[in-house]
Amino acid sequence: MSSTITSLTIIRPDDWHLHLRDGAVLASVVGDTARQFGRAIIMPNLKPPVTTVALAAAYRDRILAAQEKAGIPQRDFTPLMTLYLTDNTSVQDIEQAAKSGFVHGVKLYPAGATTNSDAGVTDLLGRCSLVLEAMQKAGLPLLVHGEVTDPDIDLFDREAVFVDRVMIPLRRAFPELKVVFEHLTTSEGVQYVRYAEGPVAATLTAHHLLYNRNALFAGGLQPHWYCLPVLKREKHRQALLDAATSGNNRFFLGTDSAPHPRGLKEAACGCAGCYTALHAMELYATAFASVDRLDRLEGFASRHGPAFYGLPENTGTLTLERADFKIPAELPMAGSTVVPLAAGQSLQWKVASTGA
Ligand code: DOR
Ligand code: ZN
């Protein structure tokens, strides 16, 4: 029975959806991630966005330099780069990406859906068909921010409507295209991913497994729980937790950790994004322990992702132990401050060590 478990050693996990940012904060952010994860899929929504292989190579070099500055050897962490899909992405960009060896996906941001998505796609099937065909041929996954941007659609319904308006037609047109439905937030999304034919998977964040939308308004407006897609009702959280802990290899870990300086979160128009890189595995372990399913954490965190992306599992390990872990109130980051998710609260699981 996992309820009696006091320590758990798993294959070193990976984060299949991460925002590392750029510039001065990079060393702190990559350090937090690399302390827990062996690899991470790096989101391309910089300003300007990472739209070409040349830009991805330059960003990768900056990440590796920051990693060295943070004292993390290259063998301990590998950034898996992505391209930002636009209406103007070319078939040649895709062919170069597939050949590069370091680009592992292409990210779809519907234009206007979230932070730095202005350059995103306006009409996926209308504008990007040749590119999607090239990705399908090359086996390069499409990583999807799955929300429609139609202002007439209620914010809480945008993922469910995306399934009908975009996912179903997309998969009908490109049945062999690998698609990751990123940061799934609804029971409709879970249902779709469970039963869709073809190579479809989904990432799940720790915050969507642990919290429902009440967290946004508990005792006043709570900007540090605001992310996109936004937290949903409890019945959706339960569907996500059920999917994560089911053992189904279509569901795997992606933190969507996205740091913003405190002042841009606690503002009249606060930014979307929760910072969870510091304590990601503590949060996921807490979610899995809540339904007595720690035995399924390794599959979700360390095996299903590599299997989908066609990469080997990591060789190292990570050990969690049942112990009090106090989440810091704030983290200094390159002259500003980031407030981690659930700052000041305590968790009952703690990363004790990572092994070679
Ligand atoms: O909450 C979010 N923050 N959702 C996203 O899709 C983007 C991210 C960010 O870059 O801050
Ligand atoms: Zn994201």
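The rules we used
- Along each chain, residues carry numbers from 1 onward, in the same order as the chain's sequence is written.
- Following the order in which they are written, the chains are lettered starting with A and the ligands numbered starting with 1.
- Residue-level local features of this predicted model are given only where pLDDT is at least 70; pairs of side-chain atoms are given and counted only at 80 or more, and the full residue set underlies all totals for whole chains, interfaces and linings.
- As a convention, hydrogens and water are excluded, and side-chain values are obtained from all of the structure's heavy atoms.
- Relative accessible area decides the class of each residue, using a 1.4 Å probe on protein chains only: under 20% of the type maximum gives buried, over 50% gives exposed, and in between gives partly exposed.
- We count a stretch as a helix when DSSP gives it H or I for four or more residues in a row; a strand needs E for two or more, and each element gets its number in order from the N terminus.
- Contacts between residues were defined by any pair of non-hydrogen atoms, one from each residue, lying within 4.5 Å.
- When at least one non-hydrogen atom of a residue lies within 4 Å of a molecule or strand, that residue is treated as near it.
- Distance and chemistry together define a polar contact, namely a pair of N or O atoms within 3.5 Å, with one atom able to donate a hydrogen and the other to accept it when in protein, and with adjacent residues in sequence counting only for side-chain atoms on both sides.
- Both cavities and pockets are sets of points on a 1 Å grid over the protein atoms alone; in a cavity a 1.4 Å probe fits but cannot get out, in a pocket the set is open with protein on both sides within 12 Å along at least five of seven lines, and lining residues sit with an atom within 4 Å of a point.
- Grid points define the cavity or pocket, and a molecule sits in it when more than half of its atoms lie within 2 Å of them.
- Under the scheme applied, nonpolar residues are Ala, Val, Leu, Ile, Met, Phe, Trp, Tyr, Cys and Pro; charged residues are Asp, Glu, Lys and Arg; polar residues are all the others, including Gly.
- Metal-coordinating donors are taken as N, O and S atoms lying within 2.8 Å of the metal, or within 3.2 Å when the metal is Na, K or Ca; because water is left out, some sites can appear incomplete.

*Asks:* When you look at helix H9 (residues 234-244) in this model, what are you seeing that I'm missing?
*Replies:* Given 3.6 residues per turn, any residue in an α-helix points the same way as the ones three and four places further on. Those residues of H9 not exposed but buried are His236, Arg237, Ala239, Leu240, Leu241, Ala243 and Ala244. The inward-facing, buried residues of H9 abut helix H7 (187-195), strand E8 (200-204), helix H8 (206-210), strand E9 (251-253), helix H11 (280-290) and helix H12 (297-309).

*Asks:* Help me understand the site of ligand 1 in this model?
*Replies:* Around ligand 1 there are 13 residues in total, and Arg21, Asn45, Leu228, His260 and Ala272 lie nearest to it. His260 places a polar side-chain atom, nitrogen or oxygen, 2.8 Å from an oxygen atom of ligand 1. Taking Ala272, its main chain carries an N or O atom lying 3.0 Å from a nitrogen atom of ligand 1. One can see that ligand 1 is located within the largest cavity. The residue inventory of the shell around ligand 1, partitioned by class, reads 4 nonpolar, 7 polar and 2 charged.

*Asks:* Teacher, can you tell me more about the coordination of the zinc ion (ligand 2) here?
*Replies:* In an ideal octahedron of six donors the angles at the metal are 90 or 180 degrees, and in an ideal tetrahedron of four donors they are 109.5 degrees. Around the zinc ion (ligand 2), the protein contributes the donor atoms His17 (NE2), His19 (NE2) and Asp256 (OD), which lie 2.0 to 2.1 Å from the metal centre. Positions of the donor residues of the zinc ion (ligand 2), expressed as sequence spacing, correspond to H-x1-H-x236-D. On the criterion of sequence distance, the pair formed by His19 in the loop between strand E2 (15-18) and helix H1 (26-34) and Asp256 in the loop between E9 and helix H10 (262-265) is long-range, its members being 237 residues apart. With relative accessibility at 6%, the residue His19 sits in the buried group. Take Asp256: its relative accessible area is 7%, and that puts it in the buried class.

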